[in-house]
4 protein chains.
Amino acid sequence: MSWITQSYMGKKAVARGKAGKSHNLNKAVQGDYHYVYGPYAKPVLTIDPGDIIVAETEDAFGGVIKTVDDLPSQKLNMPFVNPQCGPVAVTGAEKGDVLCVHIHSIKPRGPQPVGTSALIPEFGGLVSNSSTALLNPPLPERVMKYEVTEDGVKFSDRVMLPYEPFIGTLGVSPEIEAVSSLQPDYWGGNMDLPDVAPGAVIYFPVLHKDAYLYLGDCHGRQGDGELCGVAVEIPSTTTVQVDLIKNWQIAWPRLENEDFIMTIGSARPLEDAARIAYRELTRWLASDYGFDELEAYFLLTQAGKVRLGNMVDPKYTIGASIKKSYINQ
Amino acid sequence: MSWITQSYMGKKAVARGKAGKSHNLNKAVQGDYHYVYGPYAKPVLTIDPGDIIVAETEDAFGGVIKTVDDLPSQKLNMPFVNPQCGPVAVTGAEKGDVLCVHIHSIKPRGPQPVGTSALIPEFGGLVSNSSTALLNPPLPERVMKYEVTEDGVKFSDRVMLPYEPFIGTLGVSPEIEAVSSLQPDYWGGNMDLPDVAPGAVIYFPVLHKDAYLYLGDCHGRQGDGELCGVAVEIPSTTTVQVDLIKNWQIAWPRLENEDFIMTIGSARPLEDAARIAYRELTRWLASDYGFDELEAYFLLTQAGKVRLGNMVDPKYTIGASIKKSYINQ
Amino acid sequence: MSWITQSYMGKKAVARGKAGKSHNLNKAVQGDYHYVYGPYAKPVLTIDPGDIIVAETEDAFGGVIKTVDDLPSQKLNMPFVNPQCGPVAVTGAEKGDVLCVHIHSIKPRGPQPVGTSALIPEFGGLVSNSSTALLNPPLPERVMKYEVTEDGVKFSDRVMLPYEPFIGTLGVSPEIEAVSSLQPDYWGGNMDLPDVAPGAVIYFPVLHKDAYLYLGDCHGRQGDGELCGVAVEIPSTTTVQVDLIKNWQIAWPRLENEDFIMTIGSARPLEDAARIAYRELTRWLASDYGFDELEAYFLLTQAGKVRLGNMVDPKYTIGASIKKSYINQ
Amino acid sequence: MSWITQSYMGKKAVARGKAGKSHNLNKAVQGDYHYVYGPYAKPVLTIDPGDIIVAETEDAFGGVIKTVDDLPSQKLNMPFVNPQCGPVAVTGAEKGDVLCVHIHSIKPRGPQPVGTSALIPEFGGLVSNSSTALLNPPLPERVMKYEVTEDGVKFSDRVMLPYEPFIGTLGVSPEIEAVSSLQPDYWGGNMDLPDVAPGAVIYFPVLHKDAYLYLGDCHGRQGDGELCGVAVEIPSTTTVQVDLIKNWQIAWPRLENEDFIMTIGSARPLEDAARIAYRELTRWLASDYGFDELEAYFLLTQAGKVRLGNMVDPKYTIGASIKKSYINQ
């Protein structure tokens, strides 16, 4: 029996985590991709809780960086980057509910080398950029293309890395804002957090009627922090199952997998992202696991884990987690 | 002869800073106020460069905090706060231009006590809040009402403060985003910078066809940082003159008055706001005032001034300036 | 054959990682413990490279929190906290060398309950504190006592946690400063990083003649970030082997174990700690592993790991690492 | 009658702000200058409250940058920079008291061009540096020499700036630490705050018996933030009057002049410096001026001022102030 039956989705969601109808969200169905998370676009699909979506996502560059000679500064047309599938309307979702996204699989899509990374001017975690705005000369612009299969990421002739895919950008529409798909926030978005991977269930606060799910920006793998700002970007065929928990008030995204529960915060400076994530986790332990708030604070002091998602996007993202084996004793 | 004739607006704008037609943007003309800066709303007015707008702005609470017993947590309906007049379409404005806003006057509007401030839960510069998310108990919620006239702000029976009004939230639409009017950014928005005051000209990068000017959130006065998050909030009658400079590429808002030129940056942490503002000012000195970039860096080291706008909004705002008398020798 | 023979210590150090004489640094030998890392104290021992030290460390409170009724605000005498063993002079160490510390074992010492944690006023990662200085009321002061053996940490009647000990505070003397043992910095100090554990070798830049090694503040275990500021603090018997690499210029502490190499940065805000750690690791890959600097930047983007040490001390600490299996292909 | 008689020094100090004996602290008396603020050096003078010190300070480079060809990377011997006069023992000062320093005058000393500034590798507010550690190439190293007299600072043939001198580094010894004179903290130190100028009185918490006053690093003038990290550095003859207030517990330096009272905070990120300063000022208004703490919080929201000292040193410094005319109504 899968742990899913014991998950929040399995126990509390409308479809109890049972798979419903499958919807093909290929490029033809999607039509134009979107560059903001917001309520002003028309849904491309309407689904019921439990339904499955098989989405053809584009890579973060919309596929325009085809070779190492395609420089981002020449090929990209800002702000039209990080194209997103969706919005998908989920029947019955209302403000104050929680949307569940259970990731089934992420497969690379298209001709090799299918993975792309790049050094982009004024962008990245170890360079002067548009926020940490300095006078130093820039690094050279550079593009990397990687062969990526489910067997591995060929970083170079010398270095082979495991294929550990995840969804970089995933979430729901804000209530009245339409915010760049480059930004992570309390609705999800561009969290670039490697735990948002096949097997996990991610929970988002519903902020707008029908939730309006967006997704895109899959990565073949990524280090903690997404240091230069560009992971192993791949177009993908991504399969997710969507469900709905009514009347669950959460302030920020949450995640669970077989091993741990996690809360996700996005903010600057980085300690604020950690504070958000850890405060949410403290309160979750207090509300659902029988600890008082101060005891939960002590427990996370001794047993909490931190995963750095990104330190390059408009807000930085941190996931704070604790093992289920510690709290289910 | 006014210094305005020697300003960027006076020398480079389409109407050369000369006043054109006056438009009444009272509450009836405005109709619904807006809570996002974005391109998805329909313009309430279309004006030509040089035209004047006389706007009836609401206070940041939309007028619902009428007495000290009207607690924000009960009266406010988030995210519907900080209502904005506009958008005003400006004929001929295109991406790559600069919109000029010359502030003529700001007058309190409505019955006394017309000024409002408040301590709002999870908000403010010296408390645990939604970003710096801590476990401490909150401060008590509290509302202050102030008599505000052009002669002064009556802080208390004991303390009278000067009336030094400015526009808290002012700017143009992003290109594809629609962002909360609570946020300042490169398009202006909720900068809460006291130098955005009568007499000054503020320059914004045009990001969307017709610019789409928004304004609101006038303050009777404010200290540096807007410490508790709520200044002397007033409804107002605010008069601004709008002009347009074609083909001037600026990345962030700029400001000039009779005494100084200023660049405005908004970011977190606060040093990033300062870096943005100072880098923009360095480059402005290099492009327009005959200094090389390193000489400008030295000059600002010895003669730059920093004004803290807010340290409470989703991004913090800093203005960096230098006296015209130093650079026009 | 142990991986140690292939470590930096094994290959480059004066004693090639071979164990020398063992020195007993018990409480009698230590005499007064120290509260600063600096060159102004007289060495308690002088050892040769390769020698082993068996140190009796005190807990971070100097043992004065004996029961849950011993409140820190009453029992602690600031700044006399976090007592350190040492300084130990290492023969032949000079500025420009690297001191190697190979941790053999950490055992709890003293009567049960031997572990202590506490909520201390104005201190901790999720509360208003002396740096993030706010007006909120404090949390209640509270002390926890835990039974700690090599079999586990008894967090509560319900929750048992693994014993995963490490040295919280470890490093060498600055050149001319004498800095609180509460602070981590480029000389080591209060890093509170769980990877500083038995089995690992930590490398410190020698800044002063004879290095002057200090250590203390052992933890029975700790979560990432040491959230409330106080881990499972234990008095211990800790055994380390010291060695010396001549003429190796490093700017910040480094660490290796069987699985990975790591660089350690301490700074505020937290992103600066990450930048320091990742820049050091980028340069290490470039100098020793045959990558050019930009290739190393890409590699860490795809395969770097971040461990959060503390987010509560005067500087926050982050370790950035990469698996040896990725870079030794 | 001078405002000094109504100052804290005038009303509460041992000598009531009356001038006592004058002490010549010239280079011969000083002997070796110091590079740390700490208790381990022997006092060069012992004075009584009320006494005056006439100190010959060196510039921050110890005078070794004599021409524009003397590059810092070649001439400086880190960490031996920012030499300080002192320590001066003040009779009767004990932990829990406050040391008052009333600045009488600062005069440039030595042959022209007496002022120095420089771009130093890995240092400065708009470049990659040792904390904000990035991979970008550095700016060129560059030295500027300025003629500085009491009539002005000759920035260039074109630009003349006012002479507005202040003491960059001033404070007392920590209790047990000896910290680099490059760092500002709660004992004062390298605050680089232009309000520490002739006419002002600065108050420091006494942390060690006899206080141990240090001073140095005078600036002919400086912009807010000391942007490139090096102001108009001058050797000087600086005259200060020292007094002592018994049993006044303050946590951070305070300052007053004829117009305002100010609290000074130093921290990273910059918002923490502002939080410290504003919290201290809130509490000062509450303890001494008849406001309750929340009323003070509101008052500073509407009338507080922020001065950015440095955004380049190991901690950033901000002064928060309010006009005496507002609070003495």
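Look above for the structure.
Residues numbered from 1 in each chain as written. Chains lettered and ligands numbered in written order. Predicted model: local features only at pLDDT ≥ 70, side-chain atom pairs only at ≥ 80, totals over all residues. Heavy atoms only, no water.

### Considerations on the overall build of chain A
- Along chain A, the regular secondary structure elements total six helices and 21 strands.
- Compactness check: chain A gives a C-alpha radius of gyration of 19 Å against a globular reference of 20 Å for 329 residues, within 12% of the reference.
- Projected onto its principal axes, the C-alpha coordinates of chain A cover approximately 55 × 45 × 40 Å.
- Each of the 329 residues in chain A was classed as buried or not, and the buried ones make up 68%.
- Residue pairs in contact within chain A that sit at least 24 positions apart in sequence constitute 79% of those at least 6 positions apart.
- Surface summary for chain A: the accessible area is close to 10,300 Å², and the carbon and sulfur share equals 50%. (Helix = DSSP H or I, 4+ residues; strand = E, 2+ residues; numbered from the N terminus. Rg over C-alpha atoms; globule rule 2.2 N^0.38 Å. Buried < 20%, exposed > 50% of the residue type's maximum accessible area, 1.4 Å probe, protein only. Contact = heavy atoms within 4.5 Å. Areas by Shrake-Rupley, 256 points an atom, 1.4 Å probe, with all protein chains shown as cover.)

### Description of the interface of chain C and chain A
- The interface of chain C with chain A comprises 61 residues on the first partner and 61 residues on the second.
- Linking chain C with chain A are two salt bridges.
- Between Lys305 of chain A and Asp224 of chain C there is a salt bridge whose closest N-O contact spans 3.6 Å.
- Counting residues per element, the side of chain C that touches chain A draws most heavily on helix α5 (residues 293-303) of chain C, at nine residues.
- Partitioned by chemical class, the residues of the side of chain C that touches chain A number 36 nonpolar, 13 polar and 12 charged. (Salt bridge = Lys/Arg side-chain N within 4 Å of Asp/Glu carboxyl O. Nonpolar A, V, L, I, M, F, W, Y, C, P; charged D, E, K, R; others polar.)

### A word on the relation of the copies chain C and chain A
- The transform that puts chain C on chain A rotates by 180° and translates by 0.0 Å along the axis, for an RMSD of 0.0 Å. Within this description, the copies of the chain are treated as partners about a two-fold rotation axis. Of every C-alpha in chain C, the one belonging to Leu270 of chain C sits nearest the axis of rotation, 2.7 Å from it.
- When the interface residues of chain C are mapped onto chain A, 100% of them again lie at the interface, so the same face is used by both copies. (Least-squares fit on C-alpha atoms with pLDDT ≥ 70 in both.)

### Observations concerning the packing of aromatic side chains
- Within this structure, the stated rule accounts for 42 aromatic pairs over all chains.
- Look at Tyr40 of chain A and Tyr40 of chain B: their rings are 4.6 Å apart centre to centre, the planes differ by 15°, and that puts the pair in the stacked class. Of this pair, Tyr40 of chain A sits in the loop between β2 (36-37) and β3 (45-47) while Tyr40 of chain B sits in the loop between β2 (36-37) and β3 (45-47), placing the two residues on different chains.
- Residue class for Tyr40 of chain B comes out partly exposed when judged on its relative accessible area of 40%.
- With a centroid separation of 5.5 Å and 70° between ring planes, the pair formed by Tyr203 of chain D and Trp248 of chain D is classed as edge-to-face. Of the two residues, Tyr203 of chain D sits in strand β15 (residues 201-205) while Trp248 of chain D sits in the loop between β17 (236-245) and β18 (254-256), which places them 45 residues apart along the sequence. In terms of burial, Tyr203 of chain D and Trp248 of chain D fall into one category: buried.
- Three or more aromatic residues link up through ring pairs in this structure, and these residues are Tyr8, Tyr203, Trp248 and Trp284 of chain A.
- Sitting above the plane of the Trp248 of chain A ring, Lys12 of chain A keeps its charged end 4.9 Å from the centroid.
- Its end group placed over the ring of Phe291 of chain A, Arg158 of chain C keeps NZ or CZ at 4.1 Å from the ring centre. (Phe/Tyr/Trp six-rings, centres within 6.5 Å; stacked < 30°, edge-to-face > 60°. Lys NZ or Arg CZ within 6 Å of the ring centre and 35° of its normal.)

### What to know about the interface of chain C and chain B
- Facing 14 residues of chain C, the contacting portion of chain B comprises 14 residues.
- At the junction of chain C and chain B, the tally comes to zero salt bridges.
- Where chain C packs against chain B, one counts six residue pairs in polar contact (both at pLDDT 80 or more).
- Looking at the side of chain C that touches chain B, its residues break down into nine nonpolar, four polar and one charged. (Polar contact = N/O pair within 3.5 Å; in protein donor to acceptor, adjacent residues only side chain to side chain.)

### Concerning the pairing of strand β4 (residues 52-57) of chain B
- Bridge analysis of strand β1 (residues 22-25) of chain B against β4 of chain B gives four bridges, and the strand direction is parallel. Looking across to β4 of chain B, one finds that Asn24 of chain B is bridged to Val54 of chain B. (Pairing = 2+ DSSP bridges.)

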